[in-house]
Amino acid sequence: MGAKEHIIELNGRRYDAVTGKMVTLKPAKPEATPVSTTSLDGFAKTVKPIIKSGNNVSAHQAEKSKTLMRNTVKPPEKKSYDDSSMVQKSPSLLSSAILSKSRAIKKSPLVHRFGDVTPHNKQSSNPDTNQKTIRRVQAVATATTVNDDPISRGLAKADSHKQPKPKKLRVGTRIAKKLHISTRTLSASTIVLAGLIVVGFFAFQNMSNISMRLASARANVKGTVPGYQPSGFGLKGGISYSPGQIVLGYNSNSDDREFTITQRTSSWNSETLVENYDALKNDAAYQTIKGKGKTVYLFDGSNATWVDGGIWYKIEGNSKLNSDQLLNIANSL
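Residues numbered from 1 in each chain as written. Predicted model: local features only at pLDDT ≥ 70, side-chain atom pairs only at ≥ 80, totals over all residues. Heavy atoms only, no water.

**Quick look at the overall build of the protein**
So, point 1. Secondary structure summary: the protein contains 10 helices and 11 strands in total.
So, point 2. Across the 333 residues of the protein, 17% fall into the buried class.
So, point 3. Across the protein, contacts joining residues at least 24 apart in sequence account for 41% of those joining residues at least 6 apart.
So, point 4. Accessible surface, the protein: about 27200 Å² in total, of which carbon and sulfur atoms supply 56%. (Helix = DSSP H or I, 4+ residues; strand = E, 2+ residues; numbered from the N terminus. Buried < 20%, exposed > 50% of the residue type's maximum accessible area, 1.4 Å probe, protein only. Contact = heavy atoms within 4.5 Å. Areas by Shrake-Rupley, 256 points an atom, 1.4 Å probe, with all protein chains shown as cover.)

And the structure:
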């Protein structure tokens, strides 16, 4: 038998079967990896072979744990519990002892509920008595909880819900606070502003009447603004005047149509108007319309003239107004 027959392998390690010692084999020389030295241009470089070496560090051997200073440190002792005294006691004694101990414990007022420490084997045979006892205990517990609970005490003293609701400030008061002025000043300013708006509105609406009064005073003619205005026309030409005469100019809002109303003092009447006015003399086809004490003469399609109260009225222009519109203007003056 050779030397290798006495060597056994355990967990990757080799031991001598006779002596029991671990056998350490000498590592074999690593083989050199051949390296090609051929070059493309025919020349070869001298290259050292690459040697692969294994791990030569010896394996770590574990040792048994040892207690340091065994003479000083004593091993732990095993205690044996004797439960014979507890076992010998009867269940009734145990329950009474536990009950008395639990009653002796001081209970915190912050805890709302406690466990039932009443033994079940001592219930009264009368159900009414049990119900009364339970109700009394619940009432006492509830009273104690209400009196001792800080939250309940706070809720009992809370009276914010009984206070009257704060009154909402008026809109004027809030605006005055934002503007940093008093409410009286704000009210006075509002009244003045409203008055100015009303006056301005009426002035705008009566601007033509105001202008007519001014023109009448300067022209010495009792002129008036017609109350009827044809649809699509406006007093855009304004009011012009000269001694003894006032002219109102109307223009169309959509095209170039326009007409004028001339008011002049005159001593003519309806008969003398026809005899003296050249336009009526030259137009033999003029129309005569009477209404509301006035005699209106229509000529040249959309022109009209009449005399009323010492004032001679004329409507002239390319207005293309019909007879009804011309008569409505005459009746509104």
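Structure's up, so let's keep going.
**Overview of the sheet that holds strand S6 (residues 245-252)**
One key point about sheets: their strands pair by backbone hydrogen bonds, in either a parallel or an antiparallel sense.
So, point 1. In spatial order, the strands read S5-S6-S7-S11-S10-S9-S8; together these seven strands make up an open sheet with antiparallel pairing. Where the open sheet ends on each side, the last strands, each with one partner, are strand S5 (233-242) and strand S8 (287-291). Shown here is a sheet whose adjacent strand axes are inclined to one another by a mean of 15 degrees, direction ignored.
So, point 2. Along the sheet, helix H7 (residues 207-219) makes contact with S5, S6 and strand S7 (258-265), crossing S5 at roughly 20 degrees.
So, point 3. Contacting S7, S8, strand S9 (294-299), strand S10 (303-308) and strand S11 (311-317), helix H10 (residues 323-332) crosses the sheet at an angle of about 140 degrees to S9. (Pairing = 2+ DSSP bridges. Axes fitted to C-alpha atoms, helices over the stretch in contact; angles between N-to-C directions.)

**What about the side chain of threonine 262?**
So, point 1. For threonine 262, the position within the fold is in strand S7.
So, point 2. With relative accessibility at 8%, the residue threonine 262 sits in the buried group.

**Observations regarding the packing of aromatic side chains**
So, point 1. Enumeration according to the criterion identifies seven aromatic pairs in this entry.
So, point 2. Between tryptophan 268 and tryptophan 312, the aromatic rings sit 5.1 Å apart at their centres with planes inclined by 50 degrees, giving tilted as the arrangement. With tryptophan 268 in the loop between S7 and helix H8 (270-276) and tryptophan 312 in strand S11, this residue pair connects regions lying 44 residues apart in the sequence.
So, point 3. The exposure class assigned to tryptophan 268 is partly exposed, which follows from its relative accessible area of 27%.
So, point 4. A centroid spacing of 5.2 Å and a plane angle of 85 degrees characterise the contact between tyrosine 277 and tryptophan 312, whose relative ring orientation is edge-to-face. Placement of the pair is tyrosine 277 in the loop between H8 and helix H9 (278-282) and tryptophan 312 in strand S11, with a sequence separation of 35 residues. The exposure classification of tyrosine 277 matches that of tryptophan 312, with both residues buried.
So, point 5. Through pairs of rings, three or more aromatic residues link up here, namely Trp268, Tyr277, Phe299 and Trp312.
So, point 6. The ring of tryptophan 312 carries the charged tip of lysine 314 above its face, separated from the ring centre by 4.9 Å. (Phe/Tyr/Trp six-rings, centres within 6.5 Å; stacked < 30°, edge-to-face > 60°. Lys NZ or Arg CZ within 6 Å of the ring centre and 35° of its normal.)

**Re the nonpolar core**
So, point 1. The biggest cluster of nonpolar side chains holds 24 residues, and the ones touching the most others in it are Phe259, Ile261, Trp306 and Ile315.
So, point 2. Looking at this core, the elements that each hand over two or more residues are H7, S6, S7, S9, S10, S11 and H10.
So, point 3. Per element, the largest residue contribution to this core is four residues, and it comes from H10.
So, point 4. Tyr277, Leu280, Val307 and Trp312 belong to the second largest nonpolar core, which has seven residues in total. (Core = buried A, V, L, I, M, F, W, Y, C linked by side-chain atoms within 4.5 Å.)

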